[in-house]
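Residue-level structure breakdown
Take a look at the letters that make up each chain.
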Amino acid sequence: MFKWKKLGKVFTPQKVEGRSWLKEFAQAPASLVFDDFVRVYFSCRPSADENGQYVSYSAYIDLDRADLFKVRHVSEQPILSLGGLGEFDEFGTYPVSVIRRGAEVRAYYAGWSRCESVPFNVAIGLAISRDGGVTFTKLGNGPILSYSPDEPFVLSGPKIRWFNDAWYLWYIAGRKWKMVDERAEPVYKIRMASSSDGIHWNKANKDLIESRIEEDEAQASPDVFYANGKYHMFFCYRYSSHYRGKENGYRIGYASSTNLIDWVRDDTKAGIDVSEEGWDAEMISYPHVFELDGETYLAYLGNQVGRYGFGLAVLDGKLE
Amino acid sequence: MKWKKLGKIFDPTQHKLPNDCTHFAQSPQALVFRDFVRIYFSTRSIDKSNGKYLSHIAFVDMRKNLHDIIRVSEKTVIPLGKLGCFDEHGIFPMNVMRHGDAVYGYTCGWNRRISVSVDTAIGLAISRDDGLTFQRIGDGPVMAASLHEPCLVGDCFVKVIGDVFHMWYIFGKGWKRFSAEAPPDRIYKISHAVSTDGIHWIKEEARQIIANRLGADESQALPTVIEIDSKYHMFFCYRYSSDYRGRENGYRIGYASSTNLTDWVRDDAKAGIDVSEEGWDAEMISYPHVFALDGKTYLAYLGNQVGRHGFGLAELDGKLA
């Protein structure tokens, strides 16, 4: 079992001033390490519209490398604009996963559209930065990963990785919309695809992580990290109904693999759970693991899936 | 080319159709049997929850004279998609093609959106009972929006040439507000994809294969391709993208040809069919489907109000050249 020592909440979006598009939420943290700071991308929202509906943007903060609780800079603008009329990312760009590749930084992001019978649909797009991840240009106005016979809707939560000279994308795909108290709730499972160019993908067409708490368990944020001879995946999972409170809300799970495609789930190893009280007492979700100066960190969301920001934990020992 | 019009051959209001469908018989597509022809079409019921239309596939079996009706489908040919799926609110059209002992049905599935009215994608359903019923290969589409085809992938026509599946289809260029009061209108163009199994497709990715005739905002729909004497003939329909519901800007049938399946030369003057002076197809003609039967070449198509009152037929006078 791993042991994570919680360090507390790093960033509170409500404290940011002068950015109308950043009022609430700092979801799905994703890191990019620089010489003297760590840029953490996340997704945020302006205030809800008159119908109570949100759009979401992605942005970043720069944390001091010597003290990750010191926010040095908040991005002046979202890194991506919303898509045009009728396009897949018209109503949101959330979450985002970044990777450095030569002189480029690539951002894989989920784009949100609004539907009539269900609240939304999601597909995955790609944008590229040539200024170190400050501004990004979308590669096209459509998605790079979209629906297919076994993945009919809600392709979201991309996590981009480069292993063994190939691109890998972990993501989630919707399995069903379940009616709960007359509301359509999405059930999704963790999937993956591989690619030689990061643009054209071969889907594995396989559920990677077996469901544990119920058949309709929803799984998200498949964050894969290589250490000590194997691949480690931290992810989050929840019940399909009434998951907005403590009882059925998100928890963090764990699986490992030696070949990237066959995964053994063992949540007892995850080593992190909700706190007795405080900002992460109801749920914990959207884990992201990164290594920095000899330490292994886990960034994650607390109550209300990041409405009030994200926090950090540090590993006591090694991932093995 | 010269097409001799044979008149309207099917009126949906004269038959009892499954799924409580009462109006529309759109995008006729023929499957030829030994002694009859099954013509699939899209018809509509009303969604009781909101009064909007739902498009369903049905068929009519006709004698080979293409005049006498034997029967219409008595049960659901293919159910609509599940909640949140690409084909939840309609299937229109469905292109049918024999492949081995099966019949492949390539569907254009419709799902309603909030900021725009709809999006579409292409699905595959397979029939093992000679086209009476079709079963999807999965809940999702085989071809959907992609990097440079951001919306509205649909209206496909599939043909196996050699051992390659060829698909001609349309993709959305985007939505546009032509006036402040009007809801957004869509603009779509014809493109091409290939496959070795009919399931996994490689798009040419937003290569518009048919040149514009009405300018950049021309919409092009429903390609149909027939091979005669080593030449490929494509019929399709096209219209302006705004104010297109009347005669002036409504659908007409266009024509293009190719000898290599890559380069297409558009020449609408050769299409050989236009709106009539009066009658059921005097305002617009659209959704062409060309098929061969007993040595003759036929063109099934829609008339006024895009098939609200049924579809008609024309017969080629001479040869496609």
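Scroll up a little and you will see the structure.
Residues numbered from 1 in each chain as written. Chains lettered and ligands numbered in written order. Predicted model: local features only at pLDDT ≥ 70, side-chain atom pairs only at ≥ 80, totals over all residues. Heavy atoms only, no water.

**Observations regarding the overall build of chain B**
On a plain count of helices and strands, chain B comes out with 0 helices and 20 strands. Here the C-alpha radius of gyration of chain B, 18 Å, is about what a compact globule of 321 residues would show, namely 20 Å. Its C-alpha atoms put chain B at 50 × 45 × 40 Å along the principal axes. Contacts spanning at least 24 positions in sequence make up 53% of the contacts within chain B whose residues lie at least 6 apart. Accessible surface, chain B as shown: approximately 12,900 Å² in total, 48% of it carbon and sulfur. (Helix = DSSP H or I, 4+ residues; strand = E, 2+ residues; numbered from the N terminus. Rg over C-alpha atoms; globule rule 2.2 N^0.38 Å. Contact = heavy atoms within 4.5 Å. Areas by Shrake-Rupley, 256 points an atom, 1.4 Å probe, with all protein chains shown as cover.)

**Some remarks on the packing of aromatic side chains**
What the rule picks out here adds up to 49 aromatic pairs over all chains. Counting every residue linked through ring pairs, the aromatic cluster contains Y94, W112, F120, F153, W177, Y250 and Y286 of chain A. Directly above the ring of F59 of chain B sits R38 of chain B, whose terminal nitrogen or CZ lies 4.2 Å from the centroid. (Phe/Tyr/Trp six-rings, centres within 6.5 Å; stacked < 30°, edge-to-face > 60°. Lys NZ or Arg CZ within 6 Å of the ring centre and 35° of its normal.)

**Topic: empty space enclosed by the protein**
A complete count under the given rule lists 4 cavities of 30 Å³ or more for this structure. The calculated volume of the largest cavity comes to roughly 220 Å³. Among the secondary structure elements, those contributing two or more residues to the lining of the largest cavity are strand 8 (120–129) and strand 10 (153–163) of chain A together with strand 7 (102–112) and strand 8 (118–127) of chain B. Here the residues of the lining of the largest cavity are counted per class, giving 17 nonpolar, 8 polar and 5 charged. If you add up the space inside the second largest cavity, you get close to 60 Å³. Around the second largest cavity sit A28, P29, A30, P95, V96, S97, G157, P158, K159, S221 and Y286 of chain A, which together line it. Within the residue set of the lining of the second largest cavity, elements represented by two or more residues are strand 2 (24–33), strand 6 (93–101) and strand 10 of chain A. Classifying every residue of the lining of the second largest cavity gives 7 nonpolar, 3 polar and 1 charged. (1 Å grid on protein atoms, 1.4 Å probe; cavity = no way out; pocket = protein on both sides within 12 Å on 5 of 7 lines; lining within 4 Å. Points joined across faces, edges and corners; volume = space filled by probe spheres on them. Nonpolar A, V, L, I, M, F, W, Y, C, P; charged D, E, K, R; others polar.)

**A short note on the sheet that holds strand 14 (residues 218–227) of chain A**
Residues and elements named next belong to chain A. Spatially, the 4 strands line up as an open sheet ordered 14-15-16-17, and their pairing is antiparallel. The open sheet terminates on both sides in strands that have one partner only, identified here as strand 14 and strand 17 (264–265). Judged from the 8 bridges that link them, strand 14 and strand 15 (residues 230–238) form a sheet pairing that is antiparallel. Paired with F225 across the bridge in strand 15 is H232. (Pairing = 2+ DSSP bridges.)

**Section: the nonpolar core**
Across soluble globular proteins, nonpolar side chains have a tendency to be buried as a group. Core analysis: the largest hydrophobic core is formed by 64 residues, its most contacted members being F42, W170, M233, W263, Y286 and F310 of chain A. If we ignore the near neighbours within four places in the chain, the residues touching M233 of chain A are W170, I190, L208, I209, P222, D223, V224, G253, Y254, A255 and W263 of chain A. (Core = buried A, V, L, I, M, F, W, Y, C linked by side-chain atoms within 4.5 Å. Buried < 20%, exposed > 50% of the residue type's maximum accessible area, 1.4 Å probe, protein only.)

**Some details on unusual backbone geometry**
A cis geometry characterises the amide bond from Y94 of chain A onward to P95 of chain A, with omega recorded as -5°. For P95 of chain A, the location among the structural elements is in strand 6. A cis amide bond links F92 of chain B with the next residue in sequence, P93 of chain B, at an omega value of -5°. Despite not being glycine, V154 of chain A has its phi angle at roughly 50°, a positive value. Positionally, V154 of chain A belongs in strand 10. Positive phi outside glycine occurs at L260 of chain A, with the angle close to 75°. Looking at where L260 of chain A falls in the secondary structure, it is placed in the loop between strand 16 (251–257) and strand 17.

Purely geometric stuff here, so don't read any function into it on its own.
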